Amino acid sequence: MSSRQIPASVDSTTFDVIVVGGGAAGLRAAIAAVDADPKIRVGVVSKVYPMRSHTVSAEGGTAAVLRDYDNFDLHAFDTIKGSDYLADQDAVEFFAKQCPEEVIRLEHWGCPWSRDPDGKIAQRAFGGMSVKRTVFAADKVGFHILHTLFQTTMKYERIERLDEWFVTSLILEDGAVAGVVALDLRGGELARIGAKAVVLATGGCGRVYEFTTNGFIKTGDGMALAYRAGVPLKDMEFVQFHPTALPGTGILITEAARGEGGYLINKDGERFLKRYVPAKMELGPRDILSRSIMAEIREGRSFKGPYGDYVGLDLRHLGEETIDRKLPMVRELVETYVGIDPVHELIPVRPGQHYMMGGIHTNVRGETSLPGLYAVGEVACVSMNGANRLGSNSLSECLVFGAATGQAAAVYAKKKGWPSGSAGREALKAEEFRIFDGLLAREGGSETVAGLRVEMQLLMERTVGIYRDEAGLNEACARLAKLRDRFSNVAVGDRDRVFNTALTAVLELDFMLDVAAAIAHSALPRQESRGAHSRLDFPDRDDERFLRHTLVSRTKDAPRIEYAPVTITRWQPAARVY
Amino acid sequence: MAEKDVVFRVKRYRPGHDAAPHYQEYRIPYTDDMVVLDGLNYIKDQIDPTLTFRWSCRMGICGSCGASVNGKLRLTCGIFIKEVRGRAVTVDPMPNFPILKDLVVEFDDFLRKLQDVKPYIVRGEEKPLAEGEYLQTPEDVEAYRQQSMCINCMLCYSACPVFAASDHFVGPAASALAYRYIRDSRDEGADERLGILSTKTGIWECTFVGECSVVCPKDVDPAGAIQNLKVLASIRQMRELLVPKWARR
């Protein structure tokens, strides 16, 4: 495998399958595809070296039923209840059954899972999971999963990497996907990369928000690529806010801190969750915990700091030995970025955007409505997370659906003929015109990318955050449309072709404005509160009207909203009480 | 928080445009909780959008943002502006790598070397998934845990005088990761890897300066790993010389 064999004038019939994104979902899909068919070649196209992908920042764990005390139905039920009954139950059942195999496979590939004294894979408690089900590697689980997968891809000569290539659009031919147009960041040229099948695995879009745990690269690229190709996005109004991010930076403090016994306390030293989730306390689901923290802040029982109100995460009673063995990264991050030692002091935390339950509308094989186009991981919405994802289900989701999607793409590619290349040539020409002649050569331009980005982020934070209401959502939709207008006047501050991160920032903002509008327009008509979508003006869940998925499609004007049924197999919707 | 001023001196270089690398100075406001990466982002967003550098996670785990800060090799997300001594914060690209633009360097070479040492579990026979995991006690994990922490930030290659003199040298991180798999009880590829590492561009090039372990932000200790690899390679060589083939494991 080498990363640079593909010249800019790449032939349009180069790959059987292209995977866009090199995180856990993308790499798992790439391996599954080459394992499924000994003849195919897979290209992994990523805007960063794959080991920089945001999977690396995941901390707490990955869920799987491995013990006698646990079973698939229990994992499925916890997930469905956590989803506020919006998850498709057939997808969840499939997921729960596949998790153990994927966790064991990662173990066989060398992942350094933490172990029990008898040598078996250890498991820890996590929010919303009724038993210890979360597999972990201390608190660097995403890091170890990503590097294990990345290093394992090096076994496969038929997986080729295109590192630091930024995909700008999908190529369509005869109603099917036929490859991607991508900007080679180092060479500074656009190129068409043909393929029979394309798997989008670009992760979420946390950078649409001002305060997020997500890295800088999480800009919703794949969501926007599919959306622009006419594929609907699903349940985009469901945005997860993680209860414990560091004020100021938004750096994540893992849920494992609570799984290992940490407390959340207010300024009176009180474990305030007894008022909100008495049966679960710190192991309640994230949507409810984030709202509980906001309620404490509203009631004046929070601490005050330079970055606003916060509550305390208390690990002191766990002791130094447990913290160092099970939560070393928490200690490292808090010492570095807050300047205190969690062995002796409270960690300041507040809720921050963390994850998108919504994403590209797919089924359990990752198939979208566009033949040949697949999506997997946070970029996709199967849906198994519904209105609220449980902690440690997302890494498992990347593995389980990464495997299923990679396989499905390989099967599809085997049957599908090579694209002719003419659509690719046209798409490339169009992108050169849009990006080089349009954006890069633009004279004047009174808007800056940083200025527009911050306005969008503050707007989303204020109006499409933890709490929403009709007035705020209307404002969001209207102002996002204005930001879209102003975007046409944005200046690209660097004219150079090579490694132009000013240009990619503009392309990313372009994607984010589409995704932000999809979120706001999906949230507005959902007149109920369910999971992470909490409407002040509609505080109750309304199964009669809204036990259904939102599908949002791009049009020339405002996004179009439709609804699709939720699959219920064995668990009838019930009140969600913890 | 009180705002102060600081001067950032940042090395600029655009191959093909600039005759040679040069410094550009920016005066920026800062607070005590800002890291050097925040300063670079302030410049990019507010002053000069052409300044080019990589970053993502801003929490010391993605490995994107290494640079030389006032002569010290650091992740720019992990060093606070207030910690930097002297009148200016001087930021240079990581040495020993080709510069693509400003602070962005290319290290595809490392990825080829990493691939060469087989950074994955090598086994003669795979246990079927249905039979479950390979058992490893916490002590078994401890044997390779330290070297498994490598984030591929490449600061060790920038610090390594041997790599500076000869870029064929396999280098610290690739060696550490080879050692990580050799020490893993699930792995059977030690012999193969030690053979690969014992060539003239391999571990014997290392003169044990140890700078790699000093600059490593994750305490991976590549220098220690290389010394241990030398011991293992020597034992392997002795066995080849002294033990008849049929008696070797």
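Worth saying up front: this structure is predicted, and the values here are computed from it rather than measured.

Peer 1: Quick question: what am I supposed to make of the nonpolar core here?
Peer 2: It is characteristic of soluble globular proteins that their nonpolar side chains tend to be buried jointly. Counting residues in hydrophobic clusters, the biggest one holds 175 residues, and the most contacted among them are A:Trp113, A:Ile145 and B:Phe8. The leading source of residues in this core is helix α10 (residues 393-415) of chain A, at 10 residues. When sequence neighbours within four positions are dropped, the list of residues in contact with A:Ile145 reads A:Ala24, A:Thr62, A:Leu106, A:Cys111, A:Trp113, A:Leu395 and A:Leu399. Ranked by size, the runner-up nonpolar core spans 84 residues in total, among them A:Leu200, A:Val231, A:Ile360 and A:Ala427.

Peer 1: Would you mind showing me how to read the pattern of salt bridges here?
Peer 2: When charged atoms on two side chains of opposite charge get close, those side chains can pair. Residue and element names in this part refer to chain A. Scanning the entire structure with this criterion turns up 86 salt bridges over all chains. A salt bridge links Arg301 to Glu296, with the nearest nitrogen and oxygen atoms 2.9 Å apart. Of the residues examined, Glu296 reaches a relative accessible area of 0% and is grouped as buried. Salt bridges linked by common partners bring Asp84, Glu237, Asp287, Arg291, Arg526, Glu528, Arg530, Arg541, Asp543 and Arg576 together as one network.

Peer 1: Help me understand the packing of helix α12 (residues 449-463) of chain A against helix α14 (residues 501-523) of chain A, please; the structure alone is not making it clear to me.
Peer 2: Geometry of a packed helix pair, given as the angle between the helix axes and the separation of the axes. Residues and elements named next belong to chain A. One can describe the packing of α12 onto α14 by two numbers: an axis separation of 11 Å at closest approach and a directional angle of 20°. When the axis of α12 is compared with that of α14, the two are roughly parallel. Classified by chirality, the crossing of α14 by α12 is left-handed. Contact residues: α12 offers Val449, Leu452, Arg453, Met456 and Met460, while α14 offers Ala505, Val506, Leu509, Met512, Leu513, Ala516 and Ile519. By residue class, the composition of the contact of α12 with α14 is 11 nonpolar, no polar and one charged.

Peer 1: Could you clarify how one ought to interpret the sheet that holds strand β2 (residues 22-30) of chain B in this entry?
Peer 2: Within a beta sheet, neighbouring strands are joined by backbone hydrogen bonds and run either parallel or antiparallel to one another. Residue and element names in this part refer to chain B. The strand order across the open sheet formed by five strands is β2-β1-β5-β3-β4, and the pairing between neighbours is mixed. Since the sheet does not close on itself, it has two edges, and those belong to β2 and β4 (72-75), each with one partner. Strand-to-strand, the axes of this sheet are offset by a mean angle of 35°, without reference to chain direction. The sheet contact formed by strand β1 (residues 4-12) and β2 spans nine bridges and is antiparallel. Within β2, the position partnered with Arg12 by the bridge is His22. Against the sheet, helix α1 (residues 36-47) engages β1, β2, β3 (66-69) and β5 (88-92), with an angle of about 95° to β2.

Calculation notes
Residues numbered from 1 in each chain as written. Chains lettered and ligands numbered in written order. Predicted model: local features only at pLDDT ≥ 70, side-chain atom pairs only at ≥ 80, totals over all residues. Heavy atoms only, no water. Core = buried A, V, L, I, M, F, W, Y, C linked by side-chain atoms within 4.5 Å. Buried < 20%, exposed > 50% of the residue type's maximum accessible area, 1.4 Å probe, protein only. Helix = DSSP H or I, 4+ residues; strand = E, 2+ residues; numbered from the N terminus. Contact = heavy atoms within 4.5 Å. Salt bridge = Lys/Arg side-chain N within 4 Å of Asp/Glu carboxyl O. Axes fitted to C-alpha atoms, helices over the stretch in contact; angles between N-to-C directions. Parallel < 35°, antiparallel > 145°, perpendicular 65-115°, else oblique. Left-handed = near helix turned anticlockwise from the far one by under 90°. Nonpolar A, V, L, I, M, F, W, Y, C, P; charged D, E, K, R; others polar. Pairing = 2+ DSSP bridges.

As far as function goes, none of this settles anything; it's purely spatial.
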